[in-house]
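Understanding the architecture of this molecule
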Amino acid sequence: MLTNIHQMLALPKFYRFTGKLLPYLFVLTAGLFCYGIFGALFLAPADYQQGEGFRIIYVHVPSAYCSLAIYSIMAVAALLTVVWRIKLAAMIMKACLPIGALFTLLALITGSIWGKPMWGTWWIWDARLTSELILLLWYLVVMGFQQTVSNQHNANLLAAILVLIGVVNLPIIHFSVIWWNTLHQGPTLTRFAMPAIDPQMLRPLLVMIAASSSYCLLILVLKLRSEILWQERNKQWVRESIGDCI
Amino acid sequence: MRLKQKPVLQILLKRELLLYFRTPTLLINPLLFFLSVLILFPLASVMPMHELNMNAPALIWLACLLASLLSLDAIWRDDQAQGILTQLLLSPTPFYYTVINKCITHWLLTGLPIMLLTPVVALLYALPLTTIYMILMTLMIGTPLISCLGVMIAAVTMSTKQHHMMLPMLLLPLLIPTLIFATLIINHAEQGFVVGHELLLFLSLLVLTVTLAPVATVGILKLTVE
């Protein structure tokens, strides 16, 4: 069992395995997006209160979901980096950072665009918005930090520690959600939690979330493959496989 | 004859304090910075006095955060440059003592003086007594928290090239919960709510940080200093 895992984590093996996986992942992502976007724009009925404007939910919620999901994946990778010093885990962590930052930014921007017509303001210092902004800040700071450390080994380790520190910060932010809302009434994003969302609206949403997740995975795999090639550029197996491509 | 041994923590603390007291600028700079921010703001703003009053707690807290950053940067770097850090890591005394000692020193030399200065600043802003009391209460819980987190992040940024930039960039996001708690408690107290449970929650945040951050700092320094 343990040797199996070890073999999976070996870089050449991983590279070859993901090479086979890539076309399927690409088709899956494209298919899910096609159905999801079609469903979001045409199949789902307009909201009785927000009209057609609510459809931005189909971009907003998946990107918010991905921003958190990627952070969780990154945290697991960070733990593996700190405890077992797995080379691949450090690469996963590094590759996750820009993807997560991008989705967090997308969630904030789409939320802003949605907020303007519905709430009448681009931005409000609501707990949910603020915590998402902190998440973006943390993604960017860790990304910037990684480049300032001269020692590569230390850079991975310290970045992993920072990612783990960020995890400790998350529940604290969530406590402040409860605290902040008790004082600041007014518009909040809790309307998402409305359990009675119509199944016709829900289905495209779930498909879009699946599509975004599969897109994240696709980009992650692509970034990992190029990172592996770069780090192993002097190895024999890389020369062989690149030689095949040329 | 047996030598009477002093407790390690006491020796370390004495060394740390001596180093600071021999270079008094290190001691005074954060406080001067704290004061100048609070003096400049009323001059720069066009707010009437009562609005300035309302903003004073937030302003004092922000000035406190920024002033605490000033003395953090040198906290591990000097020891590392002189090779003392490696000696401390290699020595048989648990390294945890050194970390705790750094936190205590930082709090004694920035957190505590800022707390002592706050009543004076409050006079400049004509704050009512209850507000001053609440600001002091939140500072009492918040400043050790800043010190513990600061010592940890200083350990992380020690080996970076742009450490002057990275330290505030990394530390300030971590201090957002502290800032939210502190200003919220003061605000609630000003409006006449009972804030005992909120203070307790803030205190639990402090307990959590004081328990975990020094252990994390030990780990970080042991992993990254060869």
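Residues numbered from 1 in each chain as written. Chains lettered and ligands numbered in written order. Predicted model: local features only at pLDDT ≥ 70, side-chain atom pairs only at ≥ 80, totals over all residues.

**Describing the overall build of chain A**
What chain A contains, in helices and strands, is eight helices and zero strands. In chain A, the order of α-helices and β-strands from amino to carboxyl end is α-α-α-α-α-α-α-α. A buried classification covers 28% of the 246 residues belonging to chain A. Across chain A, the fraction of contacts at a sequence separation of at least 24, relative to all contacts at a separation of at least 6, is 80%. (Helix = DSSP H or I, 4+ residues; strand = E, 2+ residues; numbered from the N terminus. Buried ≥ 20, exposed ≤ 12 C-beta atoms within 10 Å, placed from the backbone. Contact = placed C-beta atoms within 7 Å.)

**Here's the deal with the overall build of chain B**
A tally of helices and strands in chain B yields 10 helices and zero strands. Considered along the principal axes of its C-alpha atoms, chain B spans approximately 65 × 35 × 35 Å. Burial statistics for chain B: of 226 residues in total, 38% are counted as buried. Expressed as a percentage of contacts within chain B between residues at least 6 apart in sequence, the contacts between residues at least 24 apart total 81%.

**So, the interface of chain A and chain B**
Buried accessible area, meaning the area lost when the parts come together, often serves as the stated size of an interface. Facing the 20 residues of chain A at the interface are 18 residues of chain B. Of all the secondary-structure elements, those providing two or more residues to the side of chain A that touches chain B are helix H5 (127-148) and helix H6 (152-183) of chain A. Of all the elements, H6 of chain A adds the most residues to the side of chain A that touches chain B, at 10 residues.

**Thoughts on the confidence of the model for chain B**
Low pLDDT marks stretches whose predicted atomic positions should not be read closely. All names here are of chain B. For chain B, the mean per-residue pLDDT works out to 88, and 97% of the residues sit at or above 70. The secondary-structure element of chain B with the lowest mean pLDDT is helix H4 (residues 74-81), recorded at 86, while helix H7 (residues 129-157) shows the highest, at 93. Here the complex is predicted with pTM 0.83, and the ipTM for its interfaces comes to 0.81. (pLDDT = per-residue confidence, 0-100.)

**Here's the deal with the packing of H7 of chain B against helix H10 (residues 196-224) of chain B**
Residues and elements named next belong to chain B. Between H7 and H10, whose axes approach to 9 Å, the crossing angle comes to 20°. One finds that H7 runs roughly parallel with respect to H10. H7 and H10 meet at a crossing whose hand is left-handed. Across the contact of H7 with H10, the residue classes break down as 21 nonpolar, two polar and no charged. (Axes fitted to C-alpha atoms, helices over the stretch in contact; angles between N-to-C directions. Parallel < 35°, antiparallel > 145°, perpendicular 65-115°, else oblique. Left-handed = near helix turned anticlockwise from the far one by under 90°. Nonpolar A, V, L, I, M, F, W, Y, C, P; charged D, E, K, R; others polar.)

**Examining the nonpolar core**
Membership of the largest hydrophobic core comes to 108 residues, with the highest contact counts inside it found for Met93 and Leu162 of chain A together with Leu149 and Met152 of chain B. With 14 residues, H7 of chain B is the single largest residue contributor to this core. Other than its neighbours up to four places away in sequence, Met152 of chain B contacts Ala213, Ala216, Thr217 and Ile220 of chain B. (Core = buried A, V, L, I, M, F, W, Y, C linked by C-beta atoms within 7 Å.)

**Brief notes about the packing of H7 of chain B against helix H9 (residues 176-190) of chain B**
All names here are of chain B. Running from N to C, H7 and H9 point in directions that differ by 165°, and their axes come no closer than 9 Å. The orientation of H7 relative to H9 falls into the category roughly antiparallel. Both H7 and H9 take part in a crossing whose hand is right-handed. Contact residues: H7 offers Thr130, Thr131, Met134, Ile135, Thr138, Gly142, Leu145 and Ile146, while H9 offers Thr178, Ala182, Ile185, Ile186, Ala189 and Glu190. Of the residues in the contact of H7 with H9, the class split is eight nonpolar, five polar and one charged.

**A closer look at unusual backbone geometry**
With a phi close to 55°, Arg85 of chain A is a non-glycine residue in the positive phi region. Positionally, Arg85 of chain A belongs in the loop between helix H3 (57-84) and helix H4 (87-119). Looking at Arg85 of chain A, the number of C-beta atoms within 10 Å reads 13, which means it is partly exposed. Although it is not a glycine, Ala126 of chain B adopts a positive phi angle of roughly 55°. By the secondary structure assignment, Ala126 of chain B is in the loop between helix H6 (95-124) and H7.

**Section: helix H2 (residues 24-44) of chain B**
Between its first and last C-alpha atoms H2 of chain B spans 30 Å; for 21 residues at 1.5 Å apiece the expected length is 30 Å, and the two agree. Within the span of H2 of chain B, buried status applies to Pro30, Phe34 and Leu38 of chain B. (Expected span 1.5 Å × (residues − 1).)

**A short note on H10 of chain B**
Here H10 of chain B is 29 residues long and its end C-alpha atoms lie 41 Å apart, about the 42 Å a rise of 1.5 Å per residue gives. What H10 of chain B keeps buried is the set Phe202, Thr209, Ala213, Pro214, Ala216, Thr217, Val218, Ile220 and Leu221 of chain B.

**Brief notes about the environment of Phe42 of chain A**
Residue and element names in this part refer to chain A. Summarising the element assignment, Phe42 is placed in helix H2 (residues 11-43). The class for Phe42 is exposed, based on 8 C-beta atoms found within 10 Å. Distance from Phe42 to Cys66, taken between C-alpha atoms, is 24 Å for residues 24 residues apart in sequence.

**Quick look at the environment of Thr130 of chain A**
Residues and elements named next belong to chain A. Examined against the element boundaries, Thr130 turns out to sit in helix H5. For Thr130, a count of 18 C-beta atoms within 10 Å translates into the label partly exposed. Separated by 22 residues in sequence, Thr130 and Leu108 have C-alpha atoms that sit 9.8 Å apart.

**Here's the deal with the confidence of the model for chain A**
In this model, chain A carries an average pLDDT of 80, and 82% of its residues clear a pLDDT of 70 or more. Taken together, the stretch residues 182-192 of chain A has pLDDT below 50 and engages in eight contacts with residues farther than four places along the chain or on a different chain.

**Here's the deal with the environment of Ala74 of chain B**
Residue and element names in this part refer to chain B. The residue Ala74 is located in helix H4 in this model. For Ala74, a count of 15 C-beta atoms within 10 Å corresponds to the partly exposed category. Separated by 48 residues in the primary sequence, Ala74 and Leu26 place their C-alpha atoms 9.7 Å from one another.

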